[in-house]
Amino acid sequence: MAQKQTPSGPSQRQQRVAELVRHALAEVLQRGDIQDPVLGSHVVTVPEVRMSPDLKLATAYIMPLGGQDEAPVIAALERNRKILRQEVARRVNLKYAPELRFRRDETFDEAARIDRLLRSDKVQRDLESAPRNGETDSSADD
């Protein structure tokens, strides 16, 4: 019997549905369809949505523009979760409307951390001492 291999990442269907949910959420938040003072006063980006394998749970990674007031924005999204779910269900044709979870998007922090590492003195020193393209290390010829 052939063994069933588990995929290493999300399926194509999960990715496609996640992108549809991401666009639906972004549209709802952009248009201001949710009557909430916190959401009305912030521009919220939705860089990524991840779907569970059964497509019943959507985890939306969000970031307010400028990265400020993250906690109040996530709390406002949690308060309006039911309305957001209805709006997503109306825009995305699925058998079940996915439950929504909201998480802080940490990719900006990770990018800033990598940028700091690349600009560190140690990396700069290594770059300066590395041989240039086309040059050979003279000690290797001996």
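Rules and cut-offs
- Residues numbered from 1 in each chain as written.
- Predicted model: local features only at pLDDT ≥ 70, side-chain atom pairs only at ≥ 80, totals over all residues.
- Heavy atoms only, no water.
- Helix = DSSP H or I, 4+ residues; strand = E, 2+ residues; numbered from the N terminus.
- Contact = heavy atoms within 4.5 Å.
- Areas by Shrake-Rupley, 256 points an atom, 1.4 Å probe, with all protein chains shown as cover.
- Pairing = 2+ DSSP bridges.
- Core = buried A, V, L, I, M, F, W, Y, C linked by side-chain atoms within 4.5 Å.
- Buried < 20%, exposed > 50% of the residue type's maximum accessible area, 1.4 Å probe, protein only.
- Salt bridge = Lys/Arg side-chain N within 4 Å of Asp/Glu carboxyl O.
- Axes fitted to C-alpha atoms, helices over the stretch in contact; angles between N-to-C directions.
- Phe/Tyr/Trp six-rings, centres within 6.5 Å; stacked < 30°, edge-to-face > 60°.
- Lys NZ or Arg CZ within 6 Å of the ring centre and 35° of its normal.
- Parallel < 35°, antiparallel > 145°, perpendicular 65-115°, else oblique.
- Left-handed = near helix turned anticlockwise from the far one by under 90°.
- Nonpolar A, V, L, I, M, F, W, Y, C, P; charged D, E, K, R; others polar.

1. A word on the overall build of the protein
Scanning the protein from N- to C-terminus turns up six helices and three strands. Each helix and strand of the protein, ordered N terminal to C terminal, gives the series α-α-β-β-α-α-β-α-α. Considering only residue pairs separated by 6 or more positions, the protein has 64% of its internal contacts joining residues 24 or more positions apart. Surface exposure of the protein reaches about 10500 Å², of which carbon and sulfur atoms provide 49%.

2. Focus: the pairing of strand β1 (residues 44-51)
Where β1 and strand β2 (residues 57-64) come together, six bridges link them in antiparallel fashion. Directly across from Val-44, in β2, lies its bridge partner Pro-64.

3. What about the nonpolar core?
In this structure, Val-21, Leu-25, Val-49, Ile-62, Leu-84 and Phe-102 are the most contacted members of the largest nonpolar core, which totals 26 residues. No other element matches the seven residues that helix α1 (residues 12-31) contributes to this core. For Leu-25, the contacting residues outside a window of four places in its chain are Val-46, Val-49, Ala-60, Leu-84, Val-88, Leu-100 and Phe-102.

4. Some thoughts on unusual backbone geometry
Of note in the backbone geometry, Leu-55 takes a positive phi value of approximately 65° without being a glycine. As for its placement among the helices and strands, Leu-55 is situated in the loop between β1 and β2.

5. Regarding the pattern of salt bridges
What the rule picks out here adds up to 13 salt bridges. The closest approach of N and O atoms between Arg-119 and Asp-115, which form a salt bridge, is 3.1 Å. Taking relative accessible area as the criterion, Arg-119 reaches 61% and is therefore assigned exposed. Members of the salt-bridge network, linked through shared partners, are Glu-27, Arg-31, Asp-33, Glu-87, Arg-90 and Arg-91.

6. A look at the sheet that holds β2
Taken together, three strands build an open sheet; the order of strands is β1-β2-β3 and the sheet is mixed. Strands with a single pairing partner mark the edges of an open sheet, and in this sheet they are β1 and β3 (99-104). For this sheet, the mean inter-axis angle between neighbouring strands, taken without regard to orientation, is 30°. Against the sheet, α1 engages β1, β2 and β3, with an angle of about 155° to β1.

7. Digging into the packing of aromatic side chains
Under the defined criterion, the tally for this structure stands at zero aromatic pairs. The ring centre of Tyr-96 lies 4.3 Å from the NZ or CZ of Lys-56, which sits over that ring.

8. Topic: the side chain of Gln-14
Within the secondary structure layout, Gln-14 lies in helix α1. A residue is classified by how much of its surface remains accessible, and Gln-14, at 12% relative accessible area, is buried.

9. Quick look at the packing of α1 against helix α4 (residues 81-91)
Taken N-terminus to C-terminus, the directions of α1 and α4 make an angle of 120°; their axes are 9 Å apart at the nearest point. If you check the angle between α1 and α4, you find them oblique. The handedness of the crossing between α1 and α4 is right-handed. Two secondary-structure elements touch here, α1 through Val-21, Ala-24, Leu-25, Glu-27, Val-28, Leu-29 and Arg-31 and α4 through Leu-84, Glu-87, Val-88 and Arg-91. Looking at side-chain class alone, the contact of α1 with α4 contains seven nonpolar, no polar and four charged residues.

Interpretation in functional terms is not warranted from these geometric data alone.
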